[in-house]
Amino acid sequence: MILNVIKLSKYFPIEQGLFRAETGLIRALDEVSFSVDEFSTLGIVGESGSGKTTLAKIILNLIPPTTGEFFFNEDFIGNFRKDVQIIFQNPYNSLNPKMRIFDIIAEPMIIHRIAAKKHLKAEVPELLETVGLDGDVLKRYPHEFSGGQRQRICIARALASKPKFIVLDEPISSLDLTIQAKLLDLFIELKQKFNLTYIFISHNLAVIKYISDTVIVMQNGRIVERGKVYDIFNRPSEQYTKKLLESAM
Amino acid sequence: MQNLLEIKNLKVEFHLDNQVITAVSGANLDIKENEVVVLAGESGSGKTITALSICRILPHNAGIVSGSINFAGREMLTLKENELIKIRGRDISYIFQEPVSFLNPVYTIGNQIMEAIRLHQHKNKKEAYEETIELLKKVKIWEGKRVFQSYPHQLSGGMNQRAFIAMSLACQPKLLVADEPTTSLDVTIEAEILELLMELKKSLKFSLLFITHNLSIARKIADRIFVMHKGKVVEEAGREELFKSPEHFHTKELINAYERIGRI
């Protein structure tokens, strides 16, 4: 087990009126527990507002939970910010528009002392090649690339610190279906190559089925069903899962 | 059956600072009355530009260079602006991917639907109000009075899209152009909106031009499918035929992606 999540909850207050009086709570996450095995892919599926992204943010230590706890296995995750990375949905606003591609990829390598400065010139193009980009992109800026190419740059950046665990939050949802298929293959290839563990968040059931080993179905901040990918897709037990599957047929 | 719309050899160019980019180069497409045609292709293939050309509502730096667009026996490309205004929104209407960015944020939903009715059908306020509530019922918005008074930001994405559909159908168009109307919605909402569109098509009898990059939608609703690639229509076929024996490599790519991740 690489990650263990125990009864994680996150409440956001609803504030109203002049003095921002709290009039209620939104339960974005409600006592969510699960674990992730090393070298596996956990798929999290649910509609917008089901709490998928809130969960990702908490696991990444970007926001604190209201109650509950989670542990990373210290045998695998030593340096948290180096070993745990994220790839966001929108490649258009997750790359610094003022930085060249070379610097975007080199920065994490320098910070986490992955490569000595004199070796960067060789390491950066090599990494870009593994995600399917030519070496001649180094001096260009993010705006010169298409959505699919930008997401490849984000993948390279995430891989630059040699992570063990990557959270992918709807990483292909904003792209064309043909590009989505190509990137999915890339994710699977990279996982094997670098011995990675994934949490893959998506609202697209077909994508979840394609990439996951185990699946969690979320609705209104709760886990409504969980299981091996085959079981969820072939014999779902919950009404909500059945409804989702029907919509995606 | 007669062709309601016929696009022949359409060519559209964009004028940027110091270069000309051809967005559409020789698109051919036709739609019969009461037919559902899906225009499929990747982003940048020219689908949206082709669709916007029909009513000549292209961005300012784009121009139609050549070709012809015949709608119900009239040549749209030579029609005068004052004639076009009467067709836009009445005989041909559009729905888009993000309804919120096409709805006016400072007017209520009801006011925006009423505007279309009053403009094209010359009805008074009271008649228009009643018709709006009727329309909202048709798109299965049951709390018509509340939604009438709501502003776009107060409603969910699916609700806004329903309201937008109500507005676009207010004048009983002959052709509805739907440009990725479900792409930003959840799968369950997408299924509902598609079902709604097909029901409305049956009762109100219009032709539907549906634009998408996702062949799973085409599989569900299309009578015929046109595939666009790099500004050209590269393949045209009936639904079954296209999936059974695709010819162009890009069609095969689209089908391949669909079979892997477009459906379960």
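Our subject is the structure listed above.
Presented here is an overview of the structure given in this document. (Residues numbered from 1 in each chain as written. Chains lettered and ligands numbered in written order. Predicted model: local features only at pLDDT ≥ 70, side-chain atom pairs only at ≥ 80, totals over all residues.)

**As for the overall build of chain A**
Here is step 1: Counting its regular elements, chain A contains 9 helices and 9 strands.
Here is step 2: In terms of its C-alpha atoms, chain A occupies a principal-axis envelope of roughly 55 × 50 × 40 Å.
Here is step 3: Burial status across chain A gives 41% buried among its 249 residues.
Here is step 4: A fraction of 68% describes how many contacts in chain A between residues 6 or more apart in sequence connect residues 24 or more apart. (Helix = DSSP H or I, 4+ residues; strand = E, 2+ residues; numbered from the N terminus. Buried ≥ 20, exposed ≤ 12 C-beta atoms within 10 Å, placed from the backbone. Contact = placed C-beta atoms within 7 Å.)

**Focus: the interface of chain A and chain B**
Here is step 1: On the chain B side, the residues contacting the 22 residues of chain A number 18 residues.
Here is step 2: For the side of chain A that touches chain B, the secondary structure elements donating two or more residues are α6 (177–194), α7 (205–211) and α9 (239–247) of chain A.
Here is step 3: Partitioned by chemical class, the residues of the side of chain A that touches chain B number 12 nonpolar, 6 polar and 4 charged. (Nonpolar A, V, L, I, M, F, W, Y, C, P; charged D, E, K, R; others polar.)

**Notes on the sheet that holds strand β3 (residues 36–40) of chain B**
Residue and element names in this part refer to chain B.
Here is step 1: Within the open sheet, the 6 strands sit side by side as β6-β7-β8-β3-β9-β10. Their pairing is mixed. Two strands close off the open sheet at either side, each with one partner strand: β6 (92–95) and β10 (232–238). Ignoring which end each strand starts from, the neighbouring axes of this sheet average 20° apart.
Here is step 2: Relative to strand β8 (residues 207–212), β3 runs parallel, the two being bridged by 5 bridges. Looking at the pairing, V36 lines up with L208 of β8.
Here is step 3: Helix-sheet contacts for helix α7 (residues 157–168) involve β6 and β7 (175–179), and the interaxial angle to β6 is about 175°.
Here is step 4: Each of β3, β9 (224–229) and β10 touches helix α11 (residues 249–262); the most contacted strand, β9, lies at about 110° to it. (Pairing = 2+ DSSP bridges. Axes fitted to C-alpha atoms, helices over the stretch in contact; angles between N-to-C directions.)

As far as function goes, none of this settles anything; it's purely spatial.
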